[in-house]
Amino acid sequence: MTATSQTAVNVLAILTPQATHVADVEALLGRMALASRQEPGCLRYDILREDHADGPRFHIQERYQDAEAVTAHGASEHYAAFRAQVGPWLVAPPQVTRLADVNVAPQG
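All of the points below concern the structure found in this document. (Residues numbered from 1 in each chain as written. Predicted model: local features only at pLDDT ≥ 70, side-chain atom pairs only at ≥ 80, totals over all residues. Heavy atoms only, no water.)

1. Some remarks on the overall build of the protein chain
Check the secondary structure of the protein chain and you find 3 helices and 4 strands. Helices and strands in the protein chain line up, N terminus first, as β-α-β-β-α-α-β. Computed over the C-alpha atoms, the radius of gyration of the protein chain is 14 Å, within 12% of the 13 Å expected from 2.2 N^0.38 for a compact globule of 108 residues. For the protein chain, the spread of C-alpha atoms along the principal axes amounts to about 40 × 30 × 25 Å. (Helix = DSSP H or I, 4+ residues; strand = E, 2+ residues; numbered from the N terminus. Rg over C-alpha atoms; globule rule 2.2 N^0.38 Å.)

What follows is the structure, encoded as structure tokens:
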């Protein structure tokens, strides 16, 4: 399948917070989710937590109606503010992957 601007785009991001900033990152992600879900092209914005002996990781599963919606998300004020604030609280830069649909259940 070839991705076009009319094809839904999925984004998976993984954030690993410093031990002293787990609650800060979780709270900031909550505010980010609220703002992102209000974007016209955002279909889903889910935050999940993976617990490990060395500390948690947060997985953000995003789904946008098309590539333009992803671009708009990346250009939003709330995204810029999020990136500026969260950076010093992470052990490494976020891992971000764009994924194309293969076999996705209908929403509803």
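Anyway, onward from the coordinates.
2. Notes on the sheet that holds strand β4 (residues 95-99)
Taking strand neighbours across the sheet as the criterion, the 4 strands line up as β2-β3-β1-β4 in an open arrangement whose pairing is antiparallel. Two strands bound the open sheet, and with one partner strand each, they are β2 (42-50) and β4. Across the sheet, the mean angle from the axis of one strand to that of its neighbour is 15 degrees, orientation sign disregarded. Inspection of the sheet shows strand β1 (residues 9-15) paired to β4 by 5 bridges, in the antiparallel sense. (Pairing = 2+ DSSP bridges. Axes fitted to C-alpha atoms, helices over the stretch in contact; angles between N-to-C directions.)

3. A word on the pairing of strand β3 (residues 57-64)
Buried residues dominate β3, accounting for 6 of its 8 residues. Pairing of β1 with β3, which is carried by 7 bridges, proceeds in the antiparallel orientation. From the neighbouring strand, V9 faces β3, where its bridge partner is Y64. Pairing of β2 with β3, which is carried by 8 bridges, proceeds in the antiparallel orientation. Among the inter-strand pairings, R49 is bridged to a residue of β3, identified as F58. Once β2 ends, the chain turns through 6 residues before running back antiparallel as β3, passing G55 with a positive phi of about 125 degrees. (Buried < 20%, exposed > 50% of the residue type's maximum accessible area, 1.4 Å probe, protein only.)

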